[in-house]
Amino acid sequence: MQKKVACSFPDEVLEHVFSFIQSDKDRNAVSMVCKSWYEIERWCRRKIFIGNCYAVSPRMVIRRFPKVRSIELKGKPHFADFNLVPDGWGGYVLPWIAEMAGAYPWLEEIRLKRMVVTDECLELIAKSFKNFKVLVLFSCEGFSTDGLAAIAASCMNLRELDLRDSDVDDLGGHWLSHFPETYTSLVSLNSSCLGSDEVSLSALERLVGRCTNLRTLRLNRAVPLDKIANILGRAPQLVDFGTGTYGADLQSDVFSSLAGAFSSCKELRSLSGFWDVVPAYLPAIYPVCSRLTSLNLSYVTIQSPDLVKLLRHCPSLQRLLVLDYIEDSGLEALSSSCKDLQELRVFPSDPFGEEPNVSLTEQGLVSVCLACPKLQSVLYFCRRMSNVALVTIAQNCPNLTRFRLCIIEPRTADFLTLEPLDVGFGAIVEHCKDLRRLSLSGLLTDRVFEYIGRYAKKLEMLSVAFAGESDLGLHHVLSGCESLRKLEIRDCPFGDKALLANASKLETMRSLWMSSCAVSFGACKLLGQKMPRLNVEVIDESGPPDSRPDSCPVDKLYIYRSVAGPRFDMPPFVWTMDEDSALQVHALHVAEYNRKPDWIGVGTYEESIQGLRAKMPFVLYLAELSNTSQCSSQPLLSGDTTLTPPRPLLRLPIETLESDDKTQRSKEGKYMIKMRYSMNPTICFEIRPISTRSFPGV
Amino acid sequence: MEGSVAYDNDLNLKATELRLGLPGTHEEQQAVSSSTVRNNKRPNGESDARNETAPPPKAQIVGWPPIRSYRKNNSQPKKTESEGVGIYIKVSMDGAPYLRKIDLKVYSGYPELLQAVENMFKFTIGEYSEREGYKGSDYAPTYEDKDGDWMLVGDVPWEMFITSCKRLRIMKGSEARGLGCGV
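Chain B has the name Auxin-responsive protein in an unreviewed UniProt entry, where Hibiscus sabdariffa is given as its organism. Under the UniProt heading Sequence similarities (unreviewed entry), the note attached to chain B is "Belongs to the Aux/IAA family." We quote the UniProt Subunit (unreviewed entry) comment for chain B here in full: "Homodimers and heterodimers."

For chain A, the name recorded in an unreviewed UniProt entry is F-box domain-containing protein, with Hibiscus sabdariffa as its organism.

See the structure below:
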């Protein structure tokens, strides 16, 4: 019998070959070839992408991939961006950081999206990873500039610090001065989301001056216009620059030094920022406009003629973000100036106004689609649309990969015919064969979903709001869209039938969100019981869903596939429909002292939870972290639920279970408590309420 | 684009349905409690600029339109301490299907205001004269003052104007010419 080819190469050779394979999909395919390839591959996988942090546990990841250098995690569902996910829902990164601190001492990159990051996490990162290089916090929250100071002070090899769109508690600009004078490795800094009026300009200037490899610098609004020239002067090699405030009283000397600074930036390709624009200062950027490929004017509240004047200078533009002040006429001008346009995003200047305040209609988008053959990605807010416009767009832009249309008033019909927009969107999915992302709006029946199910074979993400008529709509999508990974639906009359009939489809997707639809609690329970590899979570802030009849619709539903089982950090308003819900555990609210909890407690068992709900102090007794189920009587950790604000439980990895006998506080360090779950206890523990006594260590 | 399925609202799904539930499990659904607002507006986005009566205030739908909070927060102009609250008035133009809102405090006088309005609606106002109003174009900028009277913009001193102006309307044609006549 012939020896298998796979076995004839030494591992090092295979590993070397695998190092050329970067994409996750390909890596996964490689690991499925045979056992030895699986083994070799897992030891040399350096980069991990986890689209849903609850789909897998940190331990599982570490067990399989012991040598990871770069990790990307996503937390909350996308609709959290629009305030549909209540605070405290989850997405805590601390358990991950804590586990990785021990397992991946050579971790270089952490990229997070929609996760809760605390200062403690940032301090842990700063302390644990000696060669840390990249931190990207995309739409994250829960941390302050103190945490950033810790990163700045410790991470000598930091290349990239990107806080884009995060909600940061900005305590002033002094964190920047925590970068030591010897630190010069910064390549990319995006602090544009910081909201304080204070910024340490001198620290910023010095930092920029000594980091000669700086390529991306996005400033926050607090940096005034008259400082830009100085900053750019120190970094003429910048490729991507975001201004702070771009308005001030017009002074010719400020203008000329600004223009001079911009003209010396020969590599500049991307501009953003531009808060509080004074139009007279815009011509200062004209020297770089001809080379610009990306321009973010989405905070620029100037009128169309001024916008057009600027855009006429930018023939190389590939990406434009702009407010609807640009109007149809401005988009028409754009389409004749910027033939290379690939991505267009038009945001509403007055989204809650009852009447249109600008002359921006479907015509603007149509004119761009007619004239810009390379257009791939569209995000467009407008107030009216027609099927004929959508068909025109579809026929002229068959290369669209992302099409997100938001007609501001829900259920708006075709303004010409008063019909639904089914045919228009149908044309989009039929002609744009590579469409990966679609957001629908306007008046839509089940028909549009029929078209989507039939044609949108490459569609990966679909967002639906105020659309459809019956379960048939949802059924079309779930049964037809082969590549569907993420589906998010709000305010649609979709109920149990389509969901239950397509339950197995849900295991092929990352997640499904449905809010204000017609899915009953009973169906959720059924789904949770029948599909062990799905986590079915009901979010309901009005009380436990089992206090109402099974036929009652749930408020919000989030379903995602997971190999980690139900999560343990759910807040009280989230219920899992898992089979073992009898043993369901809710996260306890624990005390937090000065943002650095000295102890963390975990809850279990109904009777204990009763005590906790009465808000009494408690003591947590822990057994050894081993396979035995012996319970010690050593009090190990304690907490106090009477303190406010209560915080949900965080899980941290354990190295040791040492405790300081005198104060009964756990020693500072990493520790973990696992919950009793599914009859496989790792640790037994119980909580005993304490009636009166002063608390140790308080 | 052919619609091959003759879609019928009364299609009975029960007969062909695939379910995971045990036979006999009922599937009645309660009325959807949605977070939407039942609104009786015609599904036509255009609004009539001549409509003098304000539409009934609409309750805001949570999370709609889908705009991220940082964008909502960051596009508001930063209020400096000296500014206080602006004086926002609606500006309409005969024939234009949209209204504008402007902050009168931003302008220091009539020329700036009129320039801005010209830019907004892309037209030219004629030259102002006390006797003859706005000559040289078909348009005249008018405003409604606190007493409900329609006045020609420019007739009163600027400071008086910004405190008494309730809204601006760019009139067109004979109505406009009428305003300028007579002293």
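Observations concerning the overall build of chain B
Each helix and strand counted, chain B has four helices and seven strands in total. Helices (α) and strands (β) of chain B occur, in sequence order from the N terminus, as α-β-β-α-β-β-β-β-α-β-α.

Remarks on the packing of helix 17 (residues 422-431) of chain A against helix 18 (residues 446-455) of chain A
Residues and elements named next belong to chain A. In the contact formed by helix 17 and helix 18, the axes pass within 8 Å of each other and the chain directions differ by 5 degrees. In this view, helix 17 runs roughly parallel relative to helix 18, as classed from their interaxial angle. Of the residues in helix 18, those in contact with D422, V423, F425, G426, V429 and E430 of helix 17 are R447, V448, Y451, I452 and Y455. Looking at the contact of helix 17 with helix 18 residue by residue, the class counts come to seven nonpolar, one polar and three charged.

Some details on the UniProt feature "domain: F-box" (unreviewed entry) in chain A
Taking the numbering used here, the UniProt-annotated feature "domain: F-box" (unreviewed entry) corresponds to residues 9-50 of chain A. End-to-end, the C-alpha atoms of residues 9-50 of chain A are 31 Å apart, and along that stretch the chain is 62% helix and 10% strand.

Side note on the pattern of salt bridges
All names here are of chain A. Under the definition given, this model contains 33 salt bridges over all chains. With a shortest N-O distance of 2.8 Å, R218 and D240 are connected by a salt bridge. Here R218, found in strand 9 (residues 216-218), pairs with D240, found in strand 10 (residues 240-242); they are 22 residues apart in sequence, far enough to count as distant. For D240, a relative accessible area of 12% corresponds to the buried category. Measuring nitrogen to oxygen at the nearest pair gives 3.0 Å for the salt bridge that ties K458 to D434. You can see K458 sitting in the loop between helix 18 and strand 18 (461-465) and its partner D434 sitting in the loop between helix 17 and strand 17 (437-439), a full 24 residues away along the chain.

As for the confidence of the model for chain B
Residues and elements named next belong to chain B. Summary statistics for chain B give a mean pLDDT of 64 and a share of 50% for residues scoring 70 or more. At the low end of the mean pLDDT range in chain B sits helix 4 (residues 174-180), at 53; at the high end sits helix 2 (residues 110-121), at 87. The low-confidence segment residues 1-52 (pLDDT under 50) makes 75 contacts with residues lying over four places distant or belonging to another chain. Confidence drops under a pLDDT of 50 for residues 79-83, and excluding neighbours within four residues, the segment shows two contacts in the predicted structure. With pTM at 0.72, the complex prediction returns an ipTM value of 0.78.

With respect to the side chain of T216 of chain A
Positionally, T216 of chain A belongs in strand 9. T216 of chain A gets classed as buried once you look at its relative accessible area, which sits at 18%.

Thoughts on the pairing of strand 1 (residues 47-50) of chain A
Residues and elements named next belong to chain A. The side-chain alternation of strand 1 yields one buried face, formed by I48 and I50, and one unburied face, formed by K47 and F49. Two elements, strand 1 and strand 2 (residues 70-74), share four bridges in a ladder whose sense is parallel. Across the sheet, residue F49 finds its bridge partner in strand 2, namely E72.

Comments concerning helix 6 (residues 94-103) of chain A
All names here are of chain A. For helix 6, the buried fraction is high: eight of the ten residues fall into the buried class. When helix 6 is considered as a whole, its buried residues turn out to be L94, P95, W96, I97, A98, E99, M100 and A101. Each element contacted by the buried residues of helix 6 is listed here: strand 1, helix 5 (58-64), strand 2, strand 3 (109-113) and helix 7 (119-128).

Thoughts on the environment of L331 of chain A
Topologically, L331 of chain A is positioned in helix 14 (residues 327-337). Discounting residues that sit within four places of it in the chain, L331 of chain A has contacts with I326, L344, V346, L360, G364, L365, S367, V368 and Y380 of chain A.

Thoughts on the sheet that holds strand 6 (residues 150-152) of chain B
All names here are of chain B. Spatial strand order, 2-1-7-5-6: five strands in an open sheet with mixed pairing. For this open sheet the edge positions go to strand 2 (100-103) and strand 6, each flanked by a neighbour on one side alone. Each strand axis lies, on average, 30 degrees off the axis of its neighbour in the sheet, ignoring direction. By the bridge criterion, four bridges tie strand 1 (residues 88-93) to strand 7 (residues 165-172) in an arrangement that is parallel.

Details of the packing of helix 18 of chain A against helix 19 (residues 471-480) of chain A
Residue and element names in this part refer to chain A. Across the interface, helix 18 lies against helix 19 with an axial gap of 8 Å and an inter-helix angle of 5 degrees. Taken as axis vectors, helix 18 and helix 19 run roughly parallel relative to one another. Here D446, F449, E450, I452 and G453 of helix 18 lie close against helix 19, whose contacting residues are L472, G473, H476, V477 and G480. Here the residues of the contact of helix 18 with helix 19 are counted per class, giving four nonpolar, four polar and two charged.

Examining the packing of aromatic side chains
Residues and elements named next belong to chain A. Taken as a whole and assessed by the stated rule, the structure comprises 24 aromatic pairs over all chains. Ring geometry for F79 against F82: centres 6.1 Å apart, planes inclined by 55 degrees, an arrangement best described as tilted. For the pair shown, F79 and F82 are each scored as buried. Ring geometry for Y246 against Y281: centres 6.5 Å apart, planes inclined by 75 degrees, an arrangement best described as edge-to-face.

Observations regarding unusual backbone geometry
Omega for the bond connecting W64 of chain B with P65 of chain B falls within 30 degrees of zero, at -10 degrees, which places this linkage in the cis form. Here P65 of chain B lies in the segment before helix 1 (69-74). Although it is not a glycine, D276 of chain A sits at a positive phi angle of roughly 55 degrees. Looking at the secondary structure, you find D276 of chain A in the loop between strand 11 (270-272) and helix 12 (286-289).

Describing the nonpolar core
Ranked by size, the top nonpolar core spans 210 residues in total, and within it Y246, F262, F403 and I452 of chain A carry the most contacts. The dominant element in this core, judged by the number of residues it contributes, is helix 6 of chain A, at six residues. With residues near it in sequence (within four places) discarded, F403 of chain A still touches L365, V378, L390, I393, F425, I428, L435, R437, L438 and S439 of chain A. In this structure, M93, Y107, V117 and I162 of chain B belong to the second largest nonpolar core, which totals 29 residues.

Description of the environment of H475 of chain A
All names here are of chain A. Note on placement: H475 falls in helix 19. Its relative accessible area of 27% is what places H475 among the partly exposed residues. With 27 residues separating them in the primary sequence, H475 and N502 have C-alpha atoms 7.3 Å apart. Leave out the neighbours within four places in its chain, and H475 touches G480, A498 and N502.

A closer look at a nonpolar patch on the surface
Residue and element names in this part refer to chain A. Taken together, the side chains of F9, V13 and V17 make up a nonpolar region of the molecular surface, amounting to roughly 240 Å² of accessible area. Note on placement: V17 falls in helix 2 (residues 11-18). A relative accessible area of 43% places V17 in the partly exposed class.

Observations concerning the state of the cysteines
Residue and element names in this part refer to chain A. For the structure on display, the rule yields zero disulfides over all chains. Of all cysteine sulfurs, the one in C369 lies closest to C397, which takes part in no disulfide; the gap is 3.8 Å. Residue classification places C397 among the buried positions, given a relative accessible area of 1%.

Rules behind the numbers
Residues numbered from 1 in each chain as written. Chains lettered and ligands numbered in written order. Predicted model: local features only at pLDDT ≥ 70, side-chain atom pairs only at ≥ 80, totals over all residues. Heavy atoms only, no water. UniProt positions renumbered as here; feature names shortened; annotations may be inferred. Helix = DSSP H or I, 4+ residues; strand = E, 2+ residues; numbered from the N terminus. Axes fitted to C-alpha atoms, helices over the stretch in contact; angles between N-to-C directions. Parallel < 35°, antiparallel > 145°, perpendicular 65-115°, else oblique. Contact = heavy atoms within 4.5 Å. Nonpolar A, V, L, I, M, F, W, Y, C, P; charged D, E, K, R; others polar. Salt bridge = Lys/Arg side-chain N within 4 Å of Asp/Glu carboxyl O. Buried < 20%, exposed > 50% of the residue type's maximum accessible area, 1.4 Å probe, protein only. pLDDT = per-residue confidence, 0-100. Pairing = 2+ DSSP bridges. Phe/Tyr/Trp six-rings, centres within 6.5 Å; stacked < 30°, edge-to-face > 60°. Core = buried A, V, L, I, M, F, W, Y, C linked by side-chain atoms within 4.5 Å. Patch = residues over 30% accessible without salt bridge, like charges linked within 9 Å, V, L, I, M, F, W, Y side chains within 5 Å. Areas by Shrake-Rupley, 256 points an atom, 1.4 Å probe, with all protein chains shown as cover. Disulfide = S-S within 2.5 Å.

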